[in-house]
Amino acid sequence: MDISQLIESINQVTSSGKLENVDPQQRTQLSEACDRLKRQCESPVDKTIKLLYSCHQAIAIRLAVDLKLFDAIVKRASESEDGRVRVGQLSEDVKADPKLVGRIMKFLVTLDILEQHTSDTYSTTRFTETYVSTSWMSGAVIFFTHMFLFVAKLPEYFEAKGWKNPDDIEDSPFNFALGSKTGYFGYMSSKPYYQNAFDTVMASPYRRDEKSWTDFFPVEEKLRVQSPSDVLLVDVGGGRGKDLLSFRERFPNLQGRLVLQDLSHVAETAEISSEIEAQVHNFFDEQPVKGAKAYYLRTVLHDWPDKQAVEILSRIREAMAPDSVVLIHEKAMPETNIPWMAAIGDMTMMTAFSAAERTKNEWEILLNKAGLNLTGFWKPDGTTAQQQVIIEGSFHSCKDC
Ligand SMILES: C[S@@+](CC[C@H](N)C(=O)[O-])C[C@H]1O[C@@H](n2cnc3c(N)ncnc32)[C@H](O)[C@@H]1O
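The residue numbers shown here count from 1 along each chain, following its written sequence. Predicted model: local features are reported for residues with pLDDT of at least 70 only, side-chain atom pairs are reported and counted for 80 or more only, and whole-chain, interface and lining totals are derived from all residues. Heavy atoms throughout the structure, all of them, feed into the side-chain values; hydrogens and water do not.

- With an unreviewed UniProt entry as reference, the chain is termed O-methyltransferase domain-containing protein, source organism Penicillium olsonii.

Below you can see the structure in the form of structure tokens.
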């Protein structure tokens, strides 16, 4: 292969601006191909330095999000004739030291989030608006950079705990880092800024832009009730209700009630239609909805080590009718070659909750411990970055699952 020609072609494409109109699927494929190419070109030093500095880069974006600097930049740019914004104006808008604002903006230029023209004039790029405060991405910046605080304490945690795999929620790396016993959800409930960021990320299109679970689980075949007053689906720990909303939109004529359950401070912020009943419910307490056709838990059990996950499932099992099912919508970790996002998810669960992303086998063991059998395992055709699956649990037995 002629490497100089390859470099020339890449240079031509990147300077022509022709990539702006590439369709999203091709864009993803191209980006993945570039990542593979990059990985083969990078020296160990390049790779390491980039990894080590990624924290600073994320924090630079976080500082601008906290200041609402992106909101101010986008507003000022839309009002100015040449689209340029000035550090002096912006520092007044966000009430921060102009020197500091200028330093943050210079950093953002290195990330292609701003373009710089003179020492104090800038304009937006296609990334700037991504981080305005009404965008779910600003919530993602707050949520993920907040997690740095606790992940950064892992070395000290393991040193203190004798390098034992965490499996006790009381003794989680999160509690260790905070020097408290509040647990992640307890802590978040008293921190509206972080709670809102968390709920925003949970409800974000990013977590729903792949196939919906209803595309690969046979809803109409499996989820039927006798009368409209029967409960069809309970979304346990369902956050702001996005999944039930899209379920109702997708199956407007499927009879049966839909119930959303979460802690009070989350259920109260649910964005649902009148067809969905929101209920405050702590899933460690007795399940108030008896005999529903399905109890759906999406990315709930990965927040809990086995002991608590079994308790949550047991409260559901006690409420189930003989033909009820539990539908666990999670990742099933492959035994080998886990995708990088799944690896990060697993470390996040370990840090925040002493929990983990589970394999299919581990899901089955968990169901059995809660007195249920694995009676179905559903996944989308092909591979997906999120490795999402539906694990069906019930009282039946299934030899072929
Ligand atoms: C990872 S989020 C998943 C939310 C939603 N199922 C989704 O996928 O978007 C976990 C949810 O469990 C809720 N939760 C945590 N502890 C709970 C408890 N003890 N009882 C009920 N819900 C709880 C949280 O408030 C949060 O909405």
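### A word on the overall build of the chain
Part 1 of the reasoning: Put simply, DSSP marks the helices as runs of H or I at least four residues long and the strands as runs of E at least two long, and each gets a number from the N terminus on. Counting secondary structure elements, the chain contains 18 helices and ten strands.
Part 2 of the reasoning: Against the compact-globule benchmark of 21 Å for 401 residues, the chain has a radius of gyration of 24 Å, which places it among compact chains.
Part 3 of the reasoning: Dimensions of the chain along its principal axes, counting C-alpha atoms only, are 70 × 55 × 55 Å.
Part 4 of the reasoning: Counting across all 401 residues of the chain, residues that qualify as buried make up 42%.
Part 5 of the reasoning: Working rule for contacts: check all heavy atoms of both residues, and any pair within 4.5 Å makes them a contact. For the chain, the proportion of contacts with a sequence separation of at least 24, taken over those separated by at least 6, is 65%.
Part 6 of the reasoning: When the 45 positive and 57 negative side-chain charges of the chain are each reduced to one mean point, those points stand 2 Å apart. Atoms counted for the radius of gyration: C-alpha only. Globule rule: 2.2 Å times residue count to the power 0.38. Each residue is assigned to one of three classes by its accessible area relative to the maximum for its type, calculated with a 1.4 Å probe on protein chains only: buried under 20%, partly exposed between the two thresholds, exposed over 50%. Under the counting rule used here, the positive set is Lys and Arg, the negative set is Asp and Glu, and His together with the chain ends is not counted. To locate a charge, the coordinates of NZ of Lys, CZ of Arg, CG of Asp or CD of Glu are taken.

### Description of the site of the ligand
Part 1 of the reasoning: Within the structure, the ligand sits among 19 residues, and Arg207, Gly237, Asp262, Phe283 and Arg298 are positioned closest to it.
Part 2 of the reasoning: Polar contact is the term for a pair of N or O atoms within 3.5 Å; when the atoms are in protein, one must be able to donate a hydrogen and the other to accept it, and sequence-neighboring residues count only if both atoms are side-chain atoms. Between the ligand and Met202 there is a distance of 3.3 Å, counted from an oxygen atom to a backbone nitrogen or oxygen.
Part 3 of the reasoning: In this structure, Arg298 approaches the ligand through a main-chain N or O atom, which is 2.9 Å from a nitrogen atom.
Part 4 of the reasoning: Each accessible area is a Shrake-Rupley result for a 1.4 Å probe, and residues are judged covered by the shown protein chains and nothing else. Bound to the protein, the ligand loses 96% of the 600 Å² it would expose on its own.
Part 5 of the reasoning: For the ligand, the cavity whose grid points lie within 2 Å of the majority of its atoms is the second largest pocket. Proximity is defined per residue: any heavy atom of the residue falling within 4 Å of a molecule or strand makes that residue near it. Computed over the protein atoms alone on a 1 Å grid, cavities are sets of points where a 1.4 Å probe fits but cannot get out and pockets are open sets with protein on both sides within 12 Å along at least five of seven lines; a residue lines them when it has an atom within 4 Å of a point. Pocket occupancy is defined atom-wise: a molecule lies in a cavity or pocket when more than half of its atoms are within 2 Å of its grid points.

### A short note on the sheet that holds strand β4 (residues 231-236)
Part 1 of the reasoning: Each pair of strands is called paired provided DSSP finds at least two bridges between the two strands. The seven strands are arranged β6-β5-β4-β7-β8-β10-β9 in an open sheet whose pairing can be described as mixed. Taken across any chain shown, the strands that pair with only one partner, and hence form the sheet edges, are β6 (276-280) and β9 (373-378). Adjacent strand axes in the sheet meet at a mean angle of 25°, parallel and antiparallel pairs treated alike.
Part 2 of the reasoning: Between N-to-C directions, angles span 0 to 180 degrees; the directions come from axes that are lines fitted to C-alpha atoms, helices contributing only their stretch in contact. Where helix α16 (residues 306-319) meets the sheet, its contacts fall on β4, β7 (294-298) and β8 (325-331), and the angle it forms with β7 comes to roughly 165°.

### Brief notes about the packing of aromatic side chains
Part 1 of the reasoning: Planes of paired rings set the category: under 30 degrees apart is stacked, over 60 is edge-to-face and the rest tilted, where pairs are Phe, Tyr or Trp rings (Trp by its six-membered ring) whose centres lie within 6.5 Å. Evaluated as defined, the whole model comprises 24 aromatic pairs.
Part 2 of the reasoning: Plain terms: the ring middles of Phe185 and Phe353 are 5.3 Å apart, the flat faces sit at 25° to each other, and that makes the pair stacked. Of the two residues, Phe185 sits in helix α10 (residues 183-189) while Phe353 sits in helix α17 (residues 340-353), which places them 168 residues apart along the sequence.
Part 3 of the reasoning: For Phe353, a relative accessible area of 4% puts it in the buried group.
Part 4 of the reasoning: For the pair Trp213 and Tyr296, a centre-to-centre distance of 4.6 Å together with 25° between the ring planes defines the contact as stacked. Here the residue Trp213 occupies a position in helix α12 (residues 213-216), and Tyr296 occupies one in strand β7, the gap between them amounting to 83 residues.
Part 5 of the reasoning: With a relative accessible area of 4%, Trp213 lands in the buried category.
Part 6 of the reasoning: Residue Tyr296 is classed as buried on the basis of its relative accessible area of 1%.
Part 7 of the reasoning: What links up through ring pairs into an aromatic cluster is the set Phe143, Phe144, Phe150, Phe174, Tyr184, Phe185, Tyr187, Phe198, Phe283, Phe284, Trp304 and Phe353.

### Describing the pattern of salt bridges
Part 1 of the reasoning: Take a side-chain nitrogen of Lys or Arg and a carboxyl oxygen of Asp or Glu: if they are within 4 Å of each other, that pair is a salt bridge. On inspection of all chains with the given rule, the structure shows 19 salt bridges.
Part 2 of the reasoning: Notably, a salt bridge pairs Glu277 with Arg257, separated by 2.8 Å at the nearest N-O pair. On the criterion of sequence distance, the pair formed by Glu277 in strand β6 and Arg257 in strand β5 (residues 257-262) is long-range, its members being 20 residues apart.
Part 3 of the reasoning: Taking the shortest distance from any N to any O, the salt bridge between Glu318 and Arg315 comes out at 2.8 Å.

### Quick word on the domain arrangement of the chain
Part 1 of the reasoning: Segmentation of the chain into domains returns domain 1 (25-131), domain 2 (136-205) and domain 3 (208-395).
Part 2 of the reasoning: The gap between the C-alpha centroids of domain 1 and domain 3 is 37 Å. Each domain's extent is set by a domain assignment, obtained either automatically or from a database.

### Some points on the layout of surface pockets
Part 1 of the reasoning: Empty space within the second largest pocket amounts to approximately 540 Å³.
Part 2 of the reasoning: Going through the elements one at a time, α10, α11 (192-202), α14 (242-250) and α15 (264-267) are the ones with two or more residues in the lining of the second largest pocket.
Part 3 of the reasoning: Element by element, the count of residues in the lining of the second largest pocket is highest for α11, at four residues.
Part 4 of the reasoning: Considered class by class, the residues forming the lining of the second largest pocket number ten nonpolar, eleven polar and ten charged. Grid points are joined across faces, edges and corners, and a volume is the space filled by probe spheres set on the points. Asp, Glu, Lys and Arg are counted as charged, while Ala, Val, Leu, Ile, Met, Phe, Trp, Tyr, Cys and Pro are counted as nonpolar; the rest, among them Gly, fall into the polar class.

### Brief notes about the side chain of Arg248
Part 1 of the reasoning: Mapped onto the fold, Arg248 is located in helix α14.
Part 2 of the reasoning: Buried and unpaired, Arg248 has Glu275 as its nearest opposite-charge partner, separated by 4.3 Å.
Part 3 of the reasoning: Side-chain polar atoms of Arg248 contact the backbone oxygen of Phe251, separated by 2.8 Å.

### Quick notes on the environment of Ala267
Part 1 of the reasoning: In this fold, Ala267 is placed in helix α15.
Part 2 of the reasoning: For Ala267, a relative accessible area of 12% corresponds to the buried category.
Part 3 of the reasoning: Along the sequence, Ala267 and Lys99 sit 168 residues apart, while their C-alpha atoms lie 42 Å from each other.
Part 4 of the reasoning: If we ignore the near neighbours within four places in the chain, the residues touching Ala267 are Asp262, Gln279 and Val280.

### A few points about the UniProt feature "domain: O-methyltransferase C-terminal" (unreviewed entry) in the chain
Part 1 of the reasoning: UniProt positions are given in the numbering used here, feature names are shortened, and annotations may be inferred rather than shown by experiment. According to UniProt, the feature "domain: O-methyltransferase C-terminal" (unreviewed entry) maps to residues 232-372 in the numbering used here.
Part 2 of the reasoning: Here residues 232-372 is 36% helix and 20% strand, with 19 Å between the C-alpha atoms at its ends.

### As for the state of the cysteines
Part 1 of the reasoning: Throughout, a disulfide means two cysteine sulfur atoms within 2.5 Å of one another. Going through the model one piece at a time under the given rule, you end up with zero disulfides.
Part 2 of the reasoning: The structure places no disulfide on Cys34, whose sulfur is separated from the nearest cysteine sulfur, that of Cys41, by 10 Å.

### Examining the sheet that holds strand β2 (residues 114-118)
Part 1 of the reasoning: Across the sheet, three strands lie side by side as β1-β3-β2; this open sheet has antiparallel pairing. With partners counted over all chains shown, the strands left at the sheet margins are β1 (85-86) and β2, one partner each.
Part 2 of the reasoning: Sheet analysis places β1 next to strand β3 (residues 121-124), joined by two bridges and oriented antiparallel. Pairing of Arg86 across the sheet is with Thr121, part of β3.

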